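Chain by chain, the residues run as shown.
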Amino acid sequence: MLFPTVGARPPAPTPSVQQLGESIRNRFVRAARDCGAALPFVPAVTVDSTKTIDVHYSNDDRTVHFTDWANLNEDSRAAITAWADKGTLGLSPEGMYREMFNSFIAPHELGHYLQDVAKRWKGMSGWDAELEANRIGIAFWSLQPGAEGKVEARVENITRFLDDIPSPVLAGDTAEAFFNRNYAAFSRGEAGPLNAMNYSWFQALMFKTALRERGDHTFCQLVALNRAT
């Protein structure tokens, strides 16, 4: 007969996507308020039943939308499996999905929430809005203790796969100009030069840029830039 080890505790249950999203949202809002932000509302968090990869902040319903690995179709799971195979943290495909789309990217979307409350978002170029949101995400994670705050390792894990994707930017063009020309059509779901794969390439470029420049953009500075109006 086996007896449990005295004092041993069972492993903590894995939080649901809803719980994870709410935890990040709550910490983000608390950190922003600690920086002096007077936020007119707190965004909701919801988990959609979408079968494709998606996470976004919507200013229509003031909500951060997540999707769950359990609902993804085969094509989406295959894409994440290939991504996980190149990752540097040894995560399973589901673990990679949770790390990227249910965790790491969440404060990026909350960065768009700050841009929304400041009434800046709609007036910004796609490049400026996305790069700033990545700066906000990197700055937020840098404040967190433990593994969450190891942003260098997290960015490397996420971007290693995208290093093998050729640049979509042709000679004589710039990444910013290409992105801005095609961002609106991509956001509307239209086919064009900016597609899901090379959009990820641009996000990886912005992750690395935000990481490299994080000393120039503290979380409180970015919150102050997006003061509610």
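First, a word on what this report is: a plain description of the structure on this page. All figures in this text were calculated on a predicted structure; none of them were measured in a lab.

Rules used throughout
- Residues numbered from 1 in each chain as written.
- Predicted model: local features only at pLDDT ≥ 70, side-chain atom pairs only at ≥ 80, totals over all residues.
- Heavy atoms only, no water.
- Helix = DSSP H or I, 4+ residues; strand = E, 2+ residues; numbered from the N terminus.
- Rg over C-alpha atoms; globule rule 2.2 N^0.38 Å.
- Buried < 20%, exposed > 50% of the residue type's maximum accessible area, 1.4 Å probe, protein only.
- Contact = heavy atoms within 4.5 Å.
- Areas by Shrake-Rupley, 256 points an atom, 1.4 Å probe, with all protein chains shown as cover.
- Core = buried A, V, L, I, M, F, W, Y, C linked by side-chain atoms within 4.5 Å.
- Phe/Tyr/Trp six-rings, centres within 6.5 Å; stacked < 30°, edge-to-face > 60°.
- Lys NZ or Arg CZ within 6 Å of the ring centre and 35° of its normal.
- Axes fitted to C-alpha atoms, helices over the stretch in contact; angles between N-to-C directions.
- Parallel < 35°, antiparallel > 145°, perpendicular 65-115°, else oblique.
- Left-handed = near helix turned anticlockwise from the far one by under 90°.
- Nonpolar A, V, L, I, M, F, W, Y, C, P; charged D, E, K, R; others polar.

### Description of the overall build of the protein chain
If you tally the helices and strands in the protein chain, you get 9 helices and 3 strands. Listed N to C, the secondary structure of the protein chain is α-β-β-β-α-α-α-α-α-α-α-α in terms of helices and strands. Here the C-alpha atoms of the protein chain give a radius of gyration of 18 Å, agreeing with the 17 Å that 2.2 N^0.38 yields for 229 residues. With the C-alpha coordinates of the protein chain rotated into their principal frame, the extents come out at 70 × 40 × 35 Å. Taken across its 229 residues, the protein chain has 45% of its residues classed as buried. The long-range fraction of contacts in the protein chain, counting pairs at least 24 apart against all pairs at least 6 apart in sequence, stands at 65%. Element-wise, carbon and sulfur atoms account for 54% of the exposed surface of the protein chain, whose accessible area totals about 11,900 Å².

### Describing the nonpolar core
In a soluble, globular protein the nonpolar side chains are often hidden away together inside. Within the largest apolar cluster, 64 residues are counted, with the highest numbers of intra-cluster contacts made by Phe28, Trp83, Tyr113, Phe179, Phe202 and Phe219. When sequence neighbours within four positions are dropped, the list of residues in contact with Phe28 reads Pro107, Leu110, Gly111, Tyr113, Leu114, Ile136, Phe140 and Phe219.

### Here we look at the packing of aromatic side chains
Taken as a whole, this structure holds 19 aromatic pairs when the rule is applied. Seen from their ring centres, Trp127 and Phe179 are 6.0 Å apart, and the 75° between their planes marks the pair as edge-to-face. One end of the pair, Trp127, is in helix α5 (residues 126–142); the other, Phe179, is in helix α7 (residues 175–187), with 52 residues separating them in the sequence. Under the relative-accessibility criterion, Trp127 is labelled buried at 12%. For Phe179, a relative accessible area of 0% gives the class buried. With a centroid separation of 5.2 Å and 55° between ring planes, the pair formed by Phe179 and Phe202 is classed as tilted. One end of the pair, Phe179, is in helix α7; the other, Phe202, is in helix α8 (residues 196–212), with 23 residues separating them in the sequence. Each member of the pair, Phe179 as well as Phe202, carries the same accessibility label: buried. Ring pairing ties together the aromatic residues Trp127, Phe178, Phe179, Tyr183, Phe186, Tyr199, Trp201 and Phe202, which thus form one cluster. In this structure, Arg62 packs its charged tip against the face of Phe41, placed 4.0 Å from the ring centre.

### Focus on the packing of α5 against α8
For any two helices packed against each other, the geometry comes down to the angle between their axes and how far apart the axes lie. Where α5 meets α8, the closest approach of the two axes is 9 Å, and the angle between their N-to-C directions is 55°. As the angle between them shows, α5 and α8 are arranged oblique. Of the two elements, α5 crosses α8, and the hand of that crossing is right-handed. Seen from α5, the contacting residues are Trp127, Glu130, Leu131, Asn134, Arg135 and Ile138; seen from α8, they are Tyr199, Phe202, Gln203, Leu205, Met206, Phe207, Thr209, Ala210 and Leu211. Class assignment for the residues of the contact of α5 with α8 results in 10 nonpolar, 3 polar and 2 charged.

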